[in-house]
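# Structural description and commentary
Spelled out from the first residue to the last, the chains are:
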Amino acid sequence: MNPVRVLYLIRTWALGGSHTIMYLLLEHLPKDRFEIIVVPYDSHSGGDEAFIAGCEKRGIPVAPERIPWKSRFAWNQARQAVSDLVAKYHIDLIHTHDPHSDVLIGIGRKRWPCACVASPYGWWERLFPLRSHVHVMLEKYWALPQFERLITVSENMKSKILEGFADAERIRVVHTGLDLAFLDKGAAREAVRAELAIPAEACVVGTVSRIYIEKGHTYLLQAAAQLATAHPDLHVLIVGDGPPAPRPRSRGRPTRPRGTRPFHRLLP
C-alpha cells in the first residue's frame with residue numbers, strides 16, 4: 001500500500017502553537033503511511049524563514065517550492081502554485097494550518113482534485129486588528145464549510161467554528177499533545193534556579209508561550225501582584241518571544257529591551 005501524500009500549507013507570521021503541532025506531526029506520523037510535503041509561503045513576514053529554520057534544526061525536509069504571497073494581488077499565482085504542487089507530487093490530501101491557507105484552499109474548493117482538511121485555530125477575536133473583518137467572514141462562513149474535515153484543538157474552538165456554516169459532523173477535536181521526551185534534555189532544576197537567581201525554596205509560577213496579546217500575560221502578572229504581599233517568595237517566570245519581548249523577572253514592573261515598546265501597554 002502506497003503512503004498517503006499530504007501537502008502541508010502554512011503561512012507563518014510568528015512561531016506558535018500551530019507550528020508545535022506541525023513539528024510533532026512531521027516527526028511522529030508513521031513514515032510508511034504518510035509522505036508529507038511541507039511548502040511555506042514566500043512572503044515579507046520573516047516568520048516563514050523562522051519556520052523553515054525550525055524544520056532544518058529538527059531534520060525535517062521542506063520542499064524547495066514556495067507559495068508566492070507578497071501582496072493580496074498574488075491570489076491567482078498562489079492558487080496556481082498549489083495546483084502545480086498537487087500535480088507534481090501526486091497529492092492525495094491538502095492540509096492547511098493557518099487562516100490564510102484556509103481561505104486560499106476553501107474558496108473554490110472544487111478546483112482541487114484531492115481531499116482537503118483544515119486545522120482552524122481561530123484568530124477571530126478583536127484582539128487581532130490586523131485581520132480584516134472581511135477575511136474573518138470569508139474563512140469562518142465560506143471557506144471552512146468546504147473542507148471534508150476540520151480538526152481543532154478545543155471544544156471552545158469547535159463552538160466558535162459552529163457559529164459559521166460548517167457541519168458539526170465534519171469537526172474533530174484533537175487536543176494539542178507534547179513530546180515530553182524533549183523536556184528530559186533540559187538542565188537540572190537547581191541549575192536553572194541558580195542561573196536565574198531564584199531561591200531554592202521559592203514558589204515559581206511559569207508560562208511558556210509566544211508573548212502576544214492573546215496569551216493573556218497581563219492576567220498572570222495581575223494575579224501575581226495580588227499574591228505578592230502574602231507570598232513574598234513568589235516568582236513569575238515568563239518564557240517566550242514576541243514583539244514586546246520583556247526580560248523575565250521575579251517580581252516588580254516588567255522591564256524591556258531598549259528599542260521596544262513597554263510590555264504592559266501592549267496588553268489589556
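### Here we look at the overall build of the chain
A tally of helices and strands in the chain yields nine helices and nine strands. The 268 residues of the chain split such that 39% are buried. The long-range fraction of contacts in the chain, counting pairs at least 24 apart against all pairs at least 6 apart in sequence, stands at 61%. Accessible area of the chain: about 15800 Å², with a carbon and sulfur share of 57%.

### Comments concerning the side chain of T96
Within the element layout of this structure, T96 appears in strand β4 (residues 93-96). Under the relative-accessibility criterion, T96 is labelled buried at 0%. Not counting residues within four places of it along the chain, the set of residues in contact with T96 comprises L9, S101, D102, I105, V117, A118, S119 and F147.

### Quick look at the packing of aromatic side chains
One pass over the structure, following the stated rule, counts three aromatic pairs. Consider the rings of Y141 and F165, whose centres lie 5.2 Å apart with planes at 70°: the pair is edge-to-face. With a gap of 24 residues between them, Y141 in helix α5 (residues 133-143) and F165 in the loop between α6 (155-161) and β7 (171-173) connect regions that are remote in the sequence. According to the relative accessible area criterion, F165 is exposed, its value standing at 52%. With a centroid separation of 5.7 Å and 75° between ring planes, the pair formed by W142 and F165 is classed as edge-to-face. With W142 in helix α5 and F165 in the loop between α6 and β7, the pair connects residues that are 23 residues apart, well separated along the chain. Side by side, W142 and F165 carry an identical accessibility label, which is exposed. Here the aromatic cluster, defined as three or more aromatic residues joined through ring pairs, consists of Y141, W142 and F165. Between the NZ or CZ atom of R58 and the centre of the ring of Y23, over which it lies, the distance is 3.8 Å.

### A look at the packing of helix α4 (residues 99-106) against α5
Put simply, α4 and α5 touch, their axes get as near as 9 Å, and they point 55° apart. Considering the angle they form, α4 stands oblique to α5. In terms of crossing hand, the pair formed by α4 and α5 is left-handed. Judged by residue contacts, P99, H100, D102, V103 and G106 of α4 engage H135, L138, E139 and A143 from α5. In terms of residue class, the contact of α4 with α5 is made up of four nonpolar, three polar and two charged.

### Side note on the state of the cysteines
Scanning all chains against the criterion turns up zero disulfides. Note on C114: no disulfide assigned, nearest cysteine sulfur contributed by C116 at a separation of 4.8 Å. Residue C114 is classed as buried on the basis of its relative accessible area of 7%.

### Some thoughts on the side chain of D48
Of note, D48 is situated in helix α2 (residues 47-57). Comment: no salt bridge for buried D48; closest opposite-charge side chain is R11, at 5.3 Å.

About the criteria used
Residues numbered from 1 in each chain as written. Predicted model: local features only at pLDDT ≥ 70, side-chain atom pairs only at ≥ 80, totals over all residues. Heavy atoms only, no water. Helix = DSSP H or I, 4+ residues; strand = E, 2+ residues; numbered from the N terminus. Buried < 20%, exposed > 50% of the residue type's maximum accessible area, 1.4 Å probe, protein only. Contact = heavy atoms within 4.5 Å. Areas by Shrake-Rupley, 256 points an atom, 1.4 Å probe, with all protein chains shown as cover. Phe/Tyr/Trp six-rings, centres within 6.5 Å; stacked < 30°, edge-to-face > 60°. Lys NZ or Arg CZ within 6 Å of the ring centre and 35° of its normal. Axes fitted to C-alpha atoms, helices over the stretch in contact; angles between N-to-C directions. Parallel < 35°, antiparallel > 145°, perpendicular 65-115°, else oblique. Left-handed = near helix turned anticlockwise from the far one by under 90°. Nonpolar A, V, L, I, M, F, W, Y, C, P; charged D, E, K, R; others polar. Disulfide = S-S within 2.5 Å. Lys, Arg positive; Asp, Glu negative; His and termini not counted. Salt bridge = Lys/Arg side-chain N within 4 Å of Asp/Glu carboxyl O.

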